[in-house]
Amino acid sequence: MQIRRAGFCRRSGRLSTALLIGTLTLTSVQVCAQAILEGERFHPAVARQGMVATSHTLATTVALEVLKNGGNAVDAAVTAGFALAVTQPRSGNIGGGGFMLIAPGDGSDPEAIDYRETAPAAATEAMFQDQEGNVVKDRSRFTHLAAGVPGTVAGLALALERHGTISLEQALIPAIRLAQDGFIVPQRFTDGLEQARERLTRWPATLETFYKKDGSAWKPGERFRQPELAETLRRIVDDGVKGFYEGKTAELIADEMERHGGLITLDDLKNYTPQVRKPVHGNYRGYDIYSMSPPSSGGTHIVQILNILEGYPIGESGHNSAKTIHLMAEAMKLAYADRSEYLGDTDYVDVPLKGLTSKVYADKLRSRINPDKATPASKIKPGQPAPYESNETTHFSVVDQWGNAVSNTYTINFSYGSGITVKGAGFLLNNEMDDFSAKPGVPNTYGLIGGAANKVEPGKRMLSSMSPTIVRKDGKNVLVTGSPGGSRIITTTLQVIMNVIDHGMNIQTSVSSPRIHHQWLPDEIRIEQGISPDTIQLLESRGHKVVTNSAMGAIQSIMVGEDGTLYGGADPRRSTSSAMGF
Ligand code: GLY
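Residues numbered from 1 in each chain as written. Predicted model: local features only at pLDDT ≥ 70, side-chain atom pairs only at ≥ 80, totals over all residues. Heavy atoms only, no water.

### Overview of the side chain of Asn 408
Keep this limit in mind: Each helix is a run of DSSP H or I of at least 4 residues and each strand a run of E of at least 2, with the numbering of both proceeding from the N terminus. Any residue under 20% of the maximum accessible area for its type is buried, any over 50% is exposed, and the rest in between are partly exposed; the area is computed with a 1.4 Å probe on protein chains only. What qualifies as a polar contact is a pair of N or O atoms within 3.5 Å, subject to a donor-acceptor requirement within protein and to the restriction that residues adjacent in sequence count only when both atoms come from side chains. Residue contacts are defined here by distance: any two heavy atoms, one from each residue, within 4.5 Å place the two residues in contact.
Mapping Asn 408 onto the fold places it in strand 13 (residues 405–411). When its relative accessible area of 0% is taken as the criterion, Asn 408 is described as buried. Within the local environment of Asn 408, its side chain forms a polar contact with the side chain of Tyr 115, the two groups lying 2.9 Å apart. The contacts of Asn 408, once residues within four sequence positions are left out, are Phe 99, Met 100, Tyr 115, Leu 156, Thr 394, His 395, Phe 396 and Pro 468.

### Focus: helix 13 (residues 298–309)
Given 3.6 residues per turn, any residue in an α-helix points the same way as the ones three and four places further on. Going by this rule: A helix's residues, less one, multiplied by 1.5 Å, set its expected span.
Compared with the 16 Å implied by 1.5 Å per residue over twelve residues, the 16 Å span of helix 13 between its first and last C-alpha is a close match. With twelve of twelve residues buried, helix 13 lies mostly within the body of the structure. Looking at helix 13, one finds that the buried residues are Gly 298, Gly 299, Thr 300, His 301, Ile 302, Val 303, Gln 304, Ile 305, Leu 306, Asn 307, Ile 308 and Leu 309.

### So, the UniProt feature "binding site: L-glutamate" (unreviewed entry) in the protein
Test applied: UniProt positions are given in the numbering used here, feature names are shortened, and annotations may be inferred rather than shown by experiment. Cavities and pockets were defined on a 1 Å grid built from protein atoms only: a cavity is a group of points that admits a 1.4 Å probe but offers it no way out, a pocket is an open group of points flanked by protein on both sides within 12 Å along at least five of seven lines, and a lining residue is one with an atom within 4 Å of any such point.
If you check UniProt for "binding site: L-glutamate" (unreviewed entry), the listed places come out as Arg 116, Thr 411, Ile 412, Asn 413, Asp 435, Ser 464, Ser 465 and Gly 486 in our numbering. Lining residues of the largest cavity drawn from the annotated list: Arg 116, Thr 411, Asn 413, Asp 435, Ser 464, Ser 465 and Gly 486. Among the secondary structure elements, Thr 411 is positioned in strand 13. What makes Thr 411 buried here is its relative accessible area of 2%. Dropping the residues within four chain positions of it, Thr 411 is found in contact with Ser 91, Asn 93, Gly 96, Gly 97, Arg 116, Glu 117, Glu 392, Thr 393, Glu 432 and Met 466. Residues contacting Gly 486, with those up to four places away along its chain left out, are Tyr 446 and Ser 465.

### Let's talk about the nonpolar core
Among soluble globular proteins, nonpolar side chains are generally buried collectively. Quick reminder of the rule: We define the nonpolar core as a collection of buried residues of types Ala, Val, Leu, Ile, Met, Phe, Trp, Tyr and Cys that are connected through side-chain atoms lying within 4.5 Å of one another.
Val 78, Phe 82, Ile 94, Met 100, Leu 233 and Phe 427 are the most contacted members of the largest nonpolar core, which totals 76 residues. No other element matches the eleven residues that helix 3 (residues 73–87) contributes to this core. Excluding its chain neighbours within four sequence positions, the residues that come into contact with Phe 82 are Ile 94, Val 153, Leu 156, Leu 168, Ala 171, Leu 172, Ala 175 and Leu 233. Residues Val 303, Ala 329, Leu 343 and Val 546 belong to the second largest nonpolar core, which totals 64 residues.

### Concerning the site of the ligand
Stated formally: Here a residue is considered near a molecule or strand provided that any single heavy atom belonging to it is located within 4 Å of it. Each accessible area is a Shrake-Rupley result for a 1.4 Å probe, and residues are judged covered by the shown protein chains and nothing else. Placement in a cavity or pocket follows one criterion, namely that more than half of the molecule's atoms lie within 2 Å of its grid points. Polar here means any residue other than Ala, Val, Leu, Ile, Met, Phe, Trp, Tyr, Cys and Pro, which are nonpolar, and Asp, Glu, Lys and Arg, which are charged; Gly is therefore polar.
Close to the ligand lie Arg 116, Asn 413, Glu 432, Asp 435, Ser 464, Ser 465 and Met 466. In the model, an oxygen atom of the ligand is placed 3.0 Å from a nitrogen or oxygen of the Arg 116 side chain. Asn 413 places a side-chain nitrogen or oxygen 2.7 Å from a nitrogen atom of the ligand. Protein chains shield 98% of the accessible area of the ligand, which is 190 Å² for the free molecule. For the ligand, the cavity whose grid points lie within 2 Å of the majority of its atoms is the largest cavity. The residue inventory of the shell around the ligand, partitioned by class, reads one nonpolar, three polar and three charged.

### Focus on the packing of aromatic side chains
Selection rule: Two rings belonging to Phe, Tyr or Trp (six-membered ring only in the last case) form a pair when the distance between their centres is within 6.5 Å. Interplanar angles under 30 degrees mark stacking, angles over 60 mark edge-to-face geometry, and anything in between is tilted.
If you walk through the whole model with that rule in mind, you get ten aromatic pairs. Ring centres of Phe 142 and Phe 414 lie 5.6 Å apart, and the angle between their planes is 70 degrees; this geometry places the pair in the edge-to-face category. Of the residues examined, Phe 414 reaches a relative accessible area of 10% and is grouped as buried. Ring centres 5.0 Å apart and planes at 50 degrees place the aromatic pair Phe 189 and Phe 224 in the tilted group.

### Overview of empty space enclosed by the protein
Put simply, the rule is: Grid points are joined across faces, edges and corners, and a volume is the space filled by probe spheres set on the points.
A volume near 230 Å³ is recorded for the largest cavity. Asp 434, Asp 435, Asn 444, Tyr 446 and Leu 448 are, among the 30 residues lining the largest cavity, the residues nearest its centre. Residues of the lining of the largest cavity, tallied by class, amount to eleven nonpolar, twelve polar and seven charged. Along its surface, the second largest cavity is lined by His 56, Thr 87, Gln 88, Pro 89, Arg 90, Pro 186, Arg 188, Phe 189, Leu 193, Tyr 416 and Thr 576. With three residues, the top contributor of residues to the lining of the second largest cavity is helix 6 (residues 187–195). When its residues are assigned to classes, the lining of the second largest cavity shows five nonpolar, four polar and two charged.

### What about the side chain of Ser 397?
Along the chain, the position of Ser 397 falls in strand 12 (residues 393–399). Only 2.9 Å separates the side chain of Ser 397 from the side chain of His 395, close enough to count as a polar contact. Among the polar contacts made by the side chain of Ser 397, one reaches the main-chain carbonyl oxygen of Gln 556 at a distance of 2.7 Å. With residues up to four places along the chain from it excluded, the contact list for Ser 397 reads Met 51, Val 52, Ala 53, Val 406, Val 480, Thr 481, Gln 556, Ser 557 and Ile 558.

### Considering the sheet that holds strand 10 (residues 280–284)
Note the following rule: A pair of strands is labelled paired if DSSP reports no fewer than 2 bridges between them. Each axis is a line fitted through C-alpha atoms, taken for helices only over the stretch in contact, and angles between the N-to-C directions span 0 to 180 degrees.
An order of 3-20-19-15-14-11-10 is seen for the seven strands of this open sheet, with the pairing classed as antiparallel. With partners counted over all chains shown, the strands left at the sheet margins are strand 3 (45–47) and strand 10, one partner each. For this sheet, the mean inter-axis angle between neighbouring strands, taken without regard to orientation, is 25 degrees. Across five bridges, strand 10 lies against strand 11 (residues 287–291) in antiparallel orientation. Note on strand 11: the bridge partner recorded for Gly 282 is Ile 289. Each of strand 10, strand 11, strand 14 (469–473), strand 15 (476–481) and strand 19 (557–560) is contacted by helix 18 (residues 489–501), which is oriented at about 135 degrees to strand 15, the strand it contacts most.

Next comes the structure, spelled out in structure tokens:
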């Protein structure tokens, strides 16, 4: 029986000398992408014409319907984006923002739509500090000051305008139906609302919108309706983006802010503009990596870490072996140290992108890695790249029958964002302002240290880790991936790329396998369950502190085989995840 795999498997088990001594060349890794049939433990969804992977079955279903009706990947992605805003209020959103990466099937240049939230015009550098200059954590997390100006509606509309074939109305209809008629809630929906009860129910509009009249959470199997959200979405159908950024919805947001000392005004909303950006581009073992550019740090550091790791025979070292995890952790530390110093919104600060993503700089960083011993985080400082040239998020991936690919990550930051619902409008506001550096050197919720490059400034976009990523081989889209997970987004996405390219796994195995994470500070490797005690011991003997974490990320991915077959990998870490194709 022939065992065929959907990973980029090495053609033979033999590795070239170049690979073994760690001087990889393009030809030293021969890869293939084949169908999967037998002998695997995890099986992707398989289809020929279109594939959608999202974190909610209902969103996957409506987006797939768009593909079946002849829509393209952008049509389906925008439809999924609005549907998730209804079915997954903890992270799907119209009150937040995100990034969409679009890679045409004809091989032309990928493009990124940046619809990250912006700081309101009245925001100030020290707004999250008290009079003594101490950071007041809750202010940037659970108050009206925590909300950035939402970008999702403008961003999804722009994507559709530039690349779509259906109208905004067509993209919104399934979401409106789900909001108006309701949907049967899954266990995860109930659990989330119970877990966040304390911070959500302090806001009357949130209590009324997401809980029953008696204050209890909707139970699995019950139908949950959102009539106010349906009205908000209808106003977008009626007036386009103005139906959100001007008129009644904008007034409801501005009133909400005024009542509670928030900063977002009618002008902030009217002035919100999504941006078209050039994605970060790198190359890893002959694959082209396209990922999100600033104001996300994601693409920059994925490329930087891959550049460092390219100098090691990772496939030979083995998946999640102590040797591989050690090298990954050391490379991650160096990248996150640089993140703390250099990354910010390039509309406001210079970011040495070319330097950070160059192979020469990676060589320098690699030379600092001791292959046998962990370098303490305290000994790592941000490096010197070439000079400046002028936990709850959700990800979905789509590939259509023409090979067009969309990788979208959007967020309201925490699960349920700030917890604050806009009264009368039925949606939650983000708490993305916490992604700014409240004070240089003081960590945010994710323990991430930010520098002056990421200080609060009016109209500026806060630094993100979101990393929607598309990998190409010889101009063809072959992998579409991305994840939620705060600071762990970068390393989660990185590992799926490595699982496919270095370890020859099929996409479902790549997505499901246990992950690790290091972010420089705190100085510890976080691991998921499934890394063996011997491996942990070996890592500890190299000087690492190893901490077992709960599940990290929820990566919804699609792989395209050499013959065009589509493989969907939905992350089992979210019980509602689904990948479906036709
Ligand atoms: N709010 C998490 C991020 O954008 O990285």
